[in-house]
Amino acid sequence: NVGLDYYHKHHVAWVLRSFDIRIDRMPVYPGMFHLRTLPISVYRFMGYRRFWVYLPDGSIGVEADSAWVFIDTRTKRPLRVSDDMKQAYGHAGAPEQRLDMDDIPILEREDIRQSFGVRRSDIDVNRHVNNVSYVNWTLETLPEDIHSGHSLKRLRIDFLQEMHYGETADVCIQLDKIENQLRCLVTIKGDEKERCRMAAWFDPSDTN
């Protein structure tokens, strides 16, 4: 009983703030996988949710943590997580617990830069850019040899400020080889303001 009707009535919403996705093995076609998700804790105005992708042999192929901000949709300001929300997600009476995520380094240089106009298809129901579009812009900016010769092992994202239709997204990337991995640091700007920051780690494909 805390779905969209509740959000509209009470003028509240959950907004995605951060993701940390760790990939061991991806599901392959043809085949089946099971997706499990669980709200694991709340802390002040934050909520934390974990995801697991189970492969046909029962092993965990992908695991992810996410952080969400509970906001007042009229003021766009954070709200302390309500008792209704704690009750609904099974945290009533439980101590609040913060889930820490690794910081994403700031770019020291720009190795690659590409710009994208925000299309209507990038906009979600909240009338700002959907979180998936930031990842898609980054993938489009990466050179083909990374796509063809590497596999993604970890993706860490912070969504810092919303973007809207008609703006221009500038994707700036720094590439570094660290031991046997390729690390990709990303900042996405609009009007020179940082809107999203990412770090991605890739393994050479022949090592998987």
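Residues numbered from 1 in each chain as written. Predicted model: local features only at pLDDT ≥ 70, side-chain atom pairs only at ≥ 80, totals over all residues. Heavy atoms only, no water.

A. Structural detail: the overall build of the protein chain. Summing up its helical and strand segments, the protein chain has four helices and ten strands in all. What you see in the protein chain, going N to C, is helices and strands ordered as α-β-β-β-β-β-α-β-α-α-β-β-β-β. Structurally, the protein chain occupies a C-alpha span of about 50 × 45 × 30 Å along its principal axes. Here the protein chain holds 208 residues, and the buried ones make up 42% of them. Intrachain contacts of the protein chain at a sequence separation of at least 6 include 67% that bridge at least 24 residues. When the accessible surface of the protein chain is totalled, it reaches about 12500 Å², and 50% of it is carbon and sulfur. Across the protein chain, the 28 positively charged side chains and the 32 negatively charged ones have centroids separated by 6 Å. (Helix = DSSP H or I, 4+ residues; strand = E, 2+ residues; numbered from the N terminus. Buried < 20%, exposed > 50% of the residue type's maximum accessible area, 1.4 Å probe, protein only. Contact = heavy atoms within 4.5 Å. Areas by Shrake-Rupley, 256 points an atom, 1.4 Å probe, with all protein chains shown as cover. Lys, Arg positive; Asp, Glu negative; His and termini not counted. Charge placed at Lys NZ, Arg CZ, Asp CG, Glu CD.)

B. Fine view of the packing of aromatic side chains. Scanning the entire structure with this criterion turns up five aromatic pairs. One aromatic cluster is present, formed by F116, Y134, W137 and F159 through successive ring pairs. Of note, R120 hangs over the ring of Y165, and the distance from its end group to the ring centre comes to 4.1 Å. The cationic tip of R154 hangs over the ring face of W201; the distance from NZ or CZ to the ring centre is 4.8 Å. (Phe/Tyr/Trp six-rings, centres within 6.5 Å; stacked < 30°, edge-to-face > 60°. Lys NZ or Arg CZ within 6 Å of the ring centre and 35° of its normal.)

C. A look at the state of the cysteines. Overall, the coordinates contain zero disulfides when judged by the stated rule. Distance from the sulfur of C184, which forms no disulfide, to the nearest cysteine sulfur (C172) is 11 Å. The cysteine C196 is free of any disulfide, with C184 supplying the nearest cysteine sulfur at 11 Å. (Disulfide = S-S within 2.5 Å.)

D. Representation of helix α3 (residues 131-141). All of the buried residues in α3 are S133, Y134, W137, T138 and T141. When α3 is viewed along its axis, its buried side chains cluster within an angular range of 140° and face the same direction. Its buried side turned inward, α3 meets β6 (112-117), β7 (150-159), β8 (168-178), β9 (181-190) and β10 (193-204). For α3, the capping residue at the N-terminal end is N130, with a side-chain oxygen 2.8 Å from the backbone nitrogen of V132. (Arc of directions from axis to C-beta. Polar contact = N/O pair within 3.5 Å; in protein donor to acceptor, adjacent residues only side chain to side chain.)

E. Inspection of the pattern of salt bridges at higher detail. What the rule picks out here adds up to 23 salt bridges. R74 serves as the salt-bridge partner of D72, at 3.4 Å between the closest nitrogen and oxygen. For D72, a relative accessible area of 11% puts it in the buried group. E96 is the partner of R80 in a salt bridge, and the nearest nitrogen-oxygen pair spans 3.6 Å. In this pair, R80 is assigned in the loop between β5 (77-78) and α2 (83-88) and E96 in the loop between α2 and β6, connecting sequence segments 16 residues apart. Residue class for R80 comes out exposed when judged on its relative accessible area of 54%. Given a relative accessible area of 28%, E96 falls into the partly exposed group. Here the salt bridges do not stand alone but share partners, grouping D20, R22, R50, E63, D65, D102 and R154 into one network. (Salt bridge = Lys/Arg side-chain N within 4 Å of Asp/Glu carboxyl O.)

F. Spatial organisation of the side chain of R156. With respect to the helices, strands and loops of the structure, R156 is situated in strand β7. A distance of 2.7 Å separates polar atoms of two side chains, one belonging to R156 and the other to D158. Discounting residues that sit within four places of it in the chain, R156 has contacts with S18, F19, D20, M101, D102, I104, R197, M198, A199 and W201.

G. Just the nonpolar core, in detail. Ranked by internal contacts, the top residues of the largest apolar core, which has 27 residues, are Y134, W137, I188 and M198. Aside from chain neighbours lying at most four places away, what touches I188 is Y134, W137, T138, A169, D170, V171, K193, E194, R195, C196 and M198. Core analysis: the next-biggest nonpolar cluster, separate from the first, contains nine residues, V2, Y6, V81 and M85 among them. (Core = buried A, V, L, I, M, F, W, Y, C linked by side-chain atoms within 4.5 Å.)

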